[in-house]
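# Analysis of the macromolecular model
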Amino acid sequence: MFEARGEVAHILANVESLRRQREVAERSIPTMQKVVESYGVALRQGNADVVTYYNARAELTANNWS
């Protein structure tokens, strides 16, 4: 019984940690969108490389689907 209670407490702590991580990720999305937009403008002006732009887009997409 004690072991089960310990496992439940551990699971609840993990859930809370994941909830906080998700909140942080969700709050960062608008900033990441602005960064991607800025890289897009810089890329079209010849001031950024395509790899940097696509890496930023990939990171934004990954965070949006998390």
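Note that the structure is predicted; figures quoted are calculated from it, not measured.

## Comments concerning the overall build of the protein chain
Looking only at helices and strands, one finds two helices and zero strands in the protein chain. For the protein chain, whose C-alpha radius of gyration is 19 Å, the value lies well above the compact-globule estimate of 11 Å for 66 residues. Across the 66 residues in the protein chain, those meeting the buried criterion constitute 12%. In the structure as shown, the protein chain presents an accessible area of about 5,500 Å², 58% of it carried by carbon and sulfur atoms. In the protein chain, 8 side chains carry a positive charge and 8 a negative one; their mean positions are 6 Å apart.

## Considering the pattern of salt bridges
Using the criterion set out here, one finds four salt bridges in the structure. Close ionic contact of Arg19 with Glu16 constitutes a salt bridge, the shortest N to O distance being 2.2 Å. Highlighted residues: Arg19 and Glu16, both in helix α1 (residues 2-44), separated by three residues, approximately one helical turn. Residue Glu16 is classed as partly exposed on the basis of its relative accessible area, which comes to 29%. Each of Glu16, Arg19, Arg20 and Glu23 takes part in salt bridges that share partners, so that together they form one network.

Definitions and limits used
Residues numbered from 1 in each chain as written. Predicted model: local features only at pLDDT ≥ 70, side-chain atom pairs only at ≥ 80, totals over all residues. Heavy atoms only, no water. Helix = DSSP H or I, 4+ residues; strand = E, 2+ residues; numbered from the N terminus. Rg over C-alpha atoms; globule rule 2.2 N^0.38 Å. Buried < 20%, exposed > 50% of the residue type's maximum accessible area, 1.4 Å probe, protein only. Areas by Shrake-Rupley, 256 points an atom, 1.4 Å probe, with all protein chains shown as cover. Lys, Arg positive; Asp, Glu negative; His and termini not counted. Charge placed at Lys NZ, Arg CZ, Asp CG, Glu CD. Salt bridge = Lys/Arg side-chain N within 4 Å of Asp/Glu carboxyl O.

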